[in-house]
Each structure stands twice: as structure tokens, then as C-alpha cells.
Amino acid sequence: KAGVTQTPRYLIKTRGQQVTLSCSPISGHRSVSWYQQTPGQGLQFLFEYFSETQRNKGNFPGRFSGRQFSNSRSEMNVSTLELGDSALYLCASCPGQVTYEQYFGPGTRLTVT
Amino acid sequence: AQSVTQLDSQVPVFEEAPVELRCNYSSSVSVYLFWYVQYPNQGLQLLLKYLSGSTLVKGINGFEAEFNKSQTSFHLRKPSVHISDTAEYFCAVLYPGAGSYQLTFGKGTKLSVIP
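Parameters at a glance
- Residues numbered from 1 in each chain as written.
- Chains lettered and ligands numbered in written order.
- Predicted model: local features only at pLDDT ≥ 70, side-chain atom pairs only at ≥ 80, totals over all residues.
- Heavy atoms only, no water.
- Contact = heavy atoms within 4.5 Å.
- Buried area = accessible area lost by both parts, 1.4 Å probe.
- Salt bridge = Lys/Arg side-chain N within 4 Å of Asp/Glu carboxyl O.
- Polar contact = N/O pair within 3.5 Å; in protein donor to acceptor, adjacent residues only side chain to side chain.
- Helix = DSSP H or I, 4+ residues; strand = E, 2+ residues; numbered from the N terminus.
- Nonpolar A, V, L, I, M, F, W, Y, C, P; charged D, E, K, R; others polar.
- Buried < 20%, exposed > 50% of the residue type's maximum accessible area, 1.4 Å probe, protein only.
- Core = buried A, V, L, I, M, F, W, Y, C linked by side-chain atoms within 4.5 Å.
- Pairing = 2+ DSSP bridges.

Tallying the contact residues gives 21 residues for chain B and 26 residues for chain A. Interface of chain B and chain A: buried area, both sides summed, is about 1900 Å²; carbon and sulfur atoms make up 55% of it. Remark: the boundary between chain B and chain A carries one salt bridge. Taking the shortest distance from any N to any O, the salt bridge between B:Lys49 and A:Glu101 comes out at 2.4 Å. Viewed at the interface, chain A and chain B are joined by eight residue pairs in polar contact (both at pLDDT 80 or more). Among the secondary structure elements, those contributing two or more residues to the side of chain B that touches chain A are β5 (32–38), β6 (44–50), β10 (87–94) and β11 (103–105) of chain B. Take the side of chain B that touches chain A: its biggest share by element is four residues, from β5(B). Considered class by class, the residues forming the side of chain B that touches chain A number twelve nonpolar, seven polar and two charged.

The next point concerns unusual backbone geometry. A cis amide bond links A:Thr7 with the next residue in sequence, A:Pro8, at an omega value of -10 degrees. Its place among the elements puts A:Pro8 in the loop between β1 (5–7) and β2 (10–13). Of note in this structure, A:Glu52 is not a glycine but carries a positive phi near 75 degrees. For A:Glu52, the position within the fold is in the loop between β5 (42–50) and β6 (53–57). Positioned with a positive phi, B:Thr72 is a non-glycine residue whose angle comes to about 45 degrees.

Tallied over the entire structure, the rule returns eleven salt bridges over all chains. Ionic pairing is found between B:Glu20 and B:Arg77, a salt bridge with its closest N-O pair at 2.9 Å. Taken as a pair, B:Glu20 in strand β3 (residues 19–21) and B:Arg77 in strand β9 (residues 73–78) lie far apart in primary sequence, 57 residues in all. Given the relative accessible area of 27%, B:Arg77 is considered partly exposed. Sharing partners across several salt bridges, the network here consists of A:Arg63, A:Glu82 and A:Asp85.

Core analysis: the largest hydrophobic core is formed by 28 residues, its most contacted members being B:Leu33, B:Trp35, B:Leu47, B:Leu48, B:Phe74, B:Leu76 and B:Tyr89. Elements supplying a minimum of two residues to this core: β2 (10–14), β3, β5, β6, β8 (64–68), β9, β10 and β12 (109–114) of chain B. With four residues, β10(B) is the largest single contributor of residues to this core. Core analysis: the second largest hydrophobic core is formed by 21 residues, A:Leu11, A:Phe64, A:Leu81 and A:Tyr89 among them.

Moving on to the pairing of strand β9 (residues 87–94) of chain A. Residue and element names in this part refer to chain A. Within β9, eight of the eight residues are buried, which leaves it mostly tucked inside the rest of the structure. Relative to β9, strand β4 (residues 31–38) is paired through seven bridges, and the arrangement is antiparallel. Each bridged residue has a counterpart across the sheet, and for Gln36 the counterpart in β9 is Tyr89. By the bridge criterion, three bridges tie β9 to strand β11 (residues 108–112) in an arrangement that is antiparallel. Pairing of Leu88 across the sheet is with Arg109, part of β11. Across two bridges, the pairing between β9 and strand β10 (residues 103–104) is antiparallel. Its bridge partner being in β10, Ser93 is matched across the sheet by Tyr103.

All names here are of chain A. If you trace the backbone, Thr14 turns up in the loop between β2 and β3 (19–24). Owing to a relative accessible area of 43%, Thr14 belongs among the partly exposed residues under this scheme. Once you skip the residues sitting within four places of it in the chain, Thr14 turns out to touch Leu81, Val112 and Thr113.

Structure representation (C-alpha cells):
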């Protein structure tokens, strides 16, 4: 099976712009989670989607949003970008309760200037 | 709420020497435990996990970890490291009763293997 794919891999944006990141989970996985990784804060949970429903959300402002489509692909959107949003955004998919194993994509490196 | 503490931010070790990366967690309920590895410019790869059963779990690349409930620890060990083990290692917990698969991560430990 193909792994988790994320597009784009690298992105440079300007403060105030918005950005959309995409994640395609492993085939058959219905859960998709998003994490933000920064040197200062480490890995922080953004949100999780399961069968198109947001099941859980981390402590991030409303500028961060996401959605999941019927084919389990997911997108996250960040509006009104701030310098502090520069980070590696990781997507992970999970097959379910049997293993609880999460498979991570390579990430999207977002730089806000 | 769960929290994870990785006691060492950096661990240098000579090639072929043993290594232990320490992880302690805080939770009032039972959790599942994971170790992930991240190589430069890559995502995270699962090394091993503890859900239940034997407290000693074996993972990929010769790593193993021991779950200690009384000490709320899940330390990662390898008897002999290789240069290729140089990477950052993350301990994580998942609360199965939360109705989601959210992982809470420690801050990470950078393992540097010295030739």
C-alpha cells in the first residue's frame, strides 16, 4: 500500500495570507490527524477527523481549520498567517482500534515571511 | 490530562554501545504508549507500542521498551547502536477512552551516535 502523502512538501507564504495543506491517508484508513511541529513547542495536536467528522481539536485558534472528504482525504487551512505559524505540519492516518498505530506522512514545511 | 516527559533532550553515545532513552508519563487513567523516530526532513516512524500484555515490547531496528506502571515509565533501549540510529526519538501516549486517536508527545530526545 502507498503511504501517507502530503502536498505540497514546502510552502512559503506572507503574513496575512491563507494556506491550504492536503493529506491523503493510507487506503482504508478512516482517521486522519494533523500535528504542528516547531522547535519551541514540539509536536502539538491540531485536530482529528474520522469519517468526515471532527472528533477532537487541539488548543489552536480558530484560524486553523480542517475538513475530511468522503474518500478520507483531508485538508487543513490556516487563515491570516502569522510568523509563528511557520512549522512542519504532519498528517497521520490510523486504521482503527485494533492497533491504534498512526502512520505519518513526510510533512509540509510552511514558512511565513 | 495526559503529559509526557522525556528527561534527556540530547543523548550522545558511541557506536556499538547500549543506550536508554527515558520517558515518563502522567495520567490518571490507563493509556497506550508509543515510541516514534524521526530522521531529518522526514515524518515520524513507529518503533514500537504498548497496548496491553507483556510489559517488555520489542520493536523494529532492534529497539525494545519496558512499561512500568508503578513508575509510570516507558523507557526505550537498544543494546548496541549504529550510526544509522542517529535521529530524534519521541515518546507518546494515547488515551483510548477519549473517543479519538490523539497522541500527546514528549519534547523528543536527539540521539547522536559517535563513530
